[in-house]
Amino acid sequence: MRCRFPTLSRPITLALVGLMLFGLAGIGSAMAQQRDAEQPIEVEADQLDLDDTAGTAVYTGDVDIRQGSMRLTGDRVEFQRNAAGELSRATARGERAYIEQQPDPEQPVVRGWGRTIIYHVAERRVELIDRAELHQGSDTFDGGYLEYFLDRRVVQARSRSEGVEGSQRIRMTLQPES
């Protein structure tokens, strides 16, 4: 999905459209993407700094962004665009930055936490860094660093990585299928 980042001449609300369409919807199925993309976008933050020349938008102060079943929170959320003006990366930071989406009404909500969450749009990949957790229904993954590939539903976990304080052992709990 191609998303354009706003220019200063457009309403600031377009910056929010880029956020929600950039791929949070990719956490689930195409049906969830369509359903969530049709919902209004709600944003709460204390401050927005938009730099069109640098291609960044930075929201700070207890940031809470929602659209449909999707949610992204953090103390600071930054969006970056590439040379073509498309959203390339979203980074949420905080003591417990958070991302979630319900892929389908019959499937459980997918939830992720970390001190840093980075979403790489083109790769459809999410990094959860430092005190990272990923919950898919009853299955959980914890560690210093978790990487989740949305399309392939692949999780990679590490106890140590750049940005991780110390070593945080990997833990995984998988529930047996009925």
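Treat the numbers as computed from the prediction; the structure is a model and nothing was measured.

> Mind showing me how you'd approach the overall build of the protein here?
When helices and strands are counted, the protein shows two helices and ten strands. Counting helices and strands in the order they occur from the N terminus, the protein gives α-α-β-β-β-β-β-β-β-β-β-β. Evaluated residue by residue, the protein yields a buried proportion of 47% over its 178 residues. About 9,300 Å² of surface is accessible on the protein, with carbon and sulfur atoms providing 45% of the total.

> Would you mind showing me how to read unusual backbone geometry here?
Not every positive phi belongs to a glycine, and D62 is a case in point at roughly 50°. Taking relative accessible area as the criterion, D62 reaches 62% and is therefore assigned exposed.

> Hey, could you run me through the nonpolar core in this one?
Core analysis: the largest hydrophobic core is formed by 25 residues, its most contacted members being V77, F79, I117, L128 and L134. Every element with two or more residues in this core is listed here: β3 (56–67), β4 (70–81), β5 (87–101), β6 (110–120), β7 (125–136) and β8 (139–149). Considering every element that reaches this core, the biggest residue donor is β5, with five residues. The contacts of L128, once residues within four sequence positions are left out, are I99, G112, W113, T116, I117, E133, L134, G144, Y145 and L146.

> Whenever I open this one, the confidence of the model for the protein confuses me. Can you help?
Should the pLDDT be low somewhere, the predicted coordinates at that spot are not to be read in detail. Per-residue confidence for the protein gives a mean pLDDT of 78, with 79% of residues at or over 70. Across the protein, the secondary-structure element scoring lowest on mean pLDDT is helix α1 (residues 13–21), at 37, and the one scoring highest is strand β2 (residues 47–51), at 93. Under a pLDDT of 50 for its full length, residues 1–29 has, in the predicted model, 76 contacts with residues more than four places off or in other chains.

> Would you mind showing me how to read the pattern of salt bridges here?
Two side chains with opposite charge may pair up if their charged atoms get near one another. Evaluation of the coordinates by the stated rule reveals 14 salt bridges. Where E133 meets R96, a salt bridge forms, and the shortest distance between an N and an O atom there is 2.6 Å. With E133 in strand β7 and R96 in strand β5, the pair connects residues that are 37 residues apart, well separated along the chain. We classify R96 as partly exposed; its relative accessible area is 27%. Via salt bridges that share partners, E95, R115, D130, R131 and E165 belong to a single interconnected network.

> Sorry, what's going on with the pairing of β5 here?
The side chains of a regular strand alternate, first on one face of the sheet and then on the other. As judged from the nine bridges shared by β4 and β5, these two strands associate in the antiparallel manner. By the bridge assignment for β5, L72 is matched with I99. Taking the residues that link successive antiparallel strands as the turn, the β4-β5 hairpin has five residues, and the phi of G85 there is positive, at about 85°. Pairing of β5 with β6, which is carried by ten bridges, proceeds in the antiparallel orientation. Opposite R93, over in β6, you have T116 as the bridge partner.

> Explain the side chain of E78 here, please?
Secondary-structure assignment places E78 in strand β4. With a relative accessible area of 18%, E78 lands in the buried category. A polar side-chain atom of E78 sits 3.0 Å from a polar atom in the side chain of R76. Side-chain polar atoms of E78 contact the side chain of Q80, separated by 3.4 Å.

Definitions and cut-offs
Residues numbered from 1 in each chain as written. Predicted model: local features only at pLDDT ≥ 70, side-chain atom pairs only at ≥ 80, totals over all residues. Heavy atoms only, no water. Helix = DSSP H or I, 4+ residues; strand = E, 2+ residues; numbered from the N terminus. Buried < 20%, exposed > 50% of the residue type's maximum accessible area, 1.4 Å probe, protein only. Areas by Shrake-Rupley, 256 points an atom, 1.4 Å probe, with all protein chains shown as cover. Core = buried A, V, L, I, M, F, W, Y, C linked by side-chain atoms within 4.5 Å. Contact = heavy atoms within 4.5 Å. pLDDT = per-residue confidence, 0-100. Salt bridge = Lys/Arg side-chain N within 4 Å of Asp/Glu carboxyl O. Pairing = 2+ DSSP bridges. Polar contact = N/O pair within 3.5 Å; in protein donor to acceptor, adjacent residues only side chain to side chain.

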